[in-house]
Amino acid sequence: MKKSTRPGWDEYWLNIMDAVGQRATCLRGKFGCVIVRDNVILSTGYVGAPKGAPQCDEVGCLIKEVKHGDGHVSEHCKRTVHAEANAILQAAKNGVRISNATLYCGMCPCRDCAMLIVNSGIKRVIVRKDYHESTDTKQMFNDAGIELTILENE
């Protein structure tokens with residue numbers, strides 16, 4: 001009998017993260033997040049507006065221009081809560097300790113989500129792709145001793 005090939009743990013959790021992201025309601029991206037410790041799921045989250053508020057897929061995105069420190073301007077949807085924040089909030093709501101856990105997400109977290117990750121005690125972050133505004137996040141994770149792995153550096 002031929003032994004089947006199983007995905008490694010990181011690949012496995014990233015596949016689950018993708019499935020969680022299918023629940024996302026923002027039209028700009030179907031992102032999910034999974035928080036794991038000792039190969040057990042502690043919490044999940046996806047991009048969406050706060051409970052009871054209109055969702056992007058119902059009323060459209062709430063686009064705002066953001067001016068960055070270097071002067072360039074980008075557009076972001078401000079209707080939604082990021083997947084990483086929602087996963088951390090879900091754990092808190094349910095009394096689940098996520099310190100010393102690993103967080104899986106699609107892109108390198110934004111600065112705001114990075115602050116939540118640091119203060120929640122997460123020790124490892126695995127992302128599929130880098131984010132063009134990730135300099136602050138990388139520095140913050142480095143300062144806090146959080147291991148950051150970016151799988152696809154494009």
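What counts and what doesn't
- Residues numbered from 1 in each chain as written.
- Predicted model: local features only at pLDDT ≥ 70, side-chain atom pairs only at ≥ 80, totals over all residues.
- Heavy atoms only, no water.
- 1 Å grid on protein atoms, 1.4 Å probe; cavity = no way out; pocket = protein on both sides within 12 Å on 5 of 7 lines; lining within 4 Å.
- Points joined across faces, edges and corners; volume = space filled by probe spheres on them.
- Helix = DSSP H or I, 4+ residues; strand = E, 2+ residues; numbered from the N terminus.
- Nonpolar A, V, L, I, M, F, W, Y, C, P; charged D, E, K, R; others polar.
- Pairing = 2+ DSSP bridges.
- Axes fitted to C-alpha atoms, helices over the stretch in contact; angles between N-to-C directions.
- Contact = heavy atoms within 4.5 Å.
- Core = buried A, V, L, I, M, F, W, Y, C linked by side-chain atoms within 4.5 Å.
- Buried < 20%, exposed > 50% of the residue type's maximum accessible area, 1.4 Å probe, protein only.

Things to note about the layout of surface pockets
The calculated volume of the largest pocket comes to roughly 950 Å³. Considering every element that reaches the lining of the largest pocket, the biggest residue donor is helix α4 (residues 111-120), with four residues. Residue classes in the lining of the largest pocket are distributed as 15 nonpolar, nine polar and eight charged. Taken together, 15 residues form the lining of the second largest pocket, with Tyr46, Ala49, Lys51, Asn86 and Gln90 sitting closest to its centre. Elements with a minimum of two residues in the lining of the second largest pocket: β2 (40-46) and α3 (83-93). Ranked by residue count, the leading element in the lining of the second largest pocket is α3, at four residues. Among the residues forming the lining of the second largest pocket, the class breakdown is five nonpolar, seven polar and three charged.

Here's the deal with the sheet that holds strand β1 (residues 32-37)
Taking strand neighbours across the sheet as the criterion, the five strands line up as β2-β1-β5-β6-β7 in an open arrangement whose pairing is mixed. Among the strands making up the open sheet, the edge pair consists of β2 and β7 (147-152). Between one strand axis and the next, the sheet turns by 20 degrees as a mean value, whatever way the strands run. As paired strands, strand β6 (residues 124-129) and β7 are joined by five bridges and run parallel to one another. Along β7, the bridge assignment pairs Arg124 with Glu147. Against the sheet, helix α1 (residues 9-21) makes contact with β1, β2, β5 (102-107), β6 and β7, and its axis sits at roughly 140 degrees relative to β1, the strand it touches most. α3 contacts β1, β2 and β5 of the sheet and is inclined by roughly 130 degrees relative to β2.

Remarks on the nonpolar core
Core analysis: the biggest nonpolar cluster contains 27 residues, and Ile35, Ile98, Leu103, Ile117, Ile122 and Val125 have the highest contact counts within it. Of all elements in the fold, only β1, α3, β5, α4, β6 and α5 (135-144) reach the threshold of two or more residues within this core. Ranked by residues supplied to this core, first place goes to α3 with four residues. Not counting chain neighbours up to four residues away, the residues in contact with Ile35 comprise Val40, Ile41, Leu42, Ser43, Ala87, Ile88, Ile98, Ala101, Thr102, Leu103 and Ile122. Counting residues in each nonpolar core, the second largest holds eight residues, with Leu14, Val34, Val36 and Ile126 among its members.

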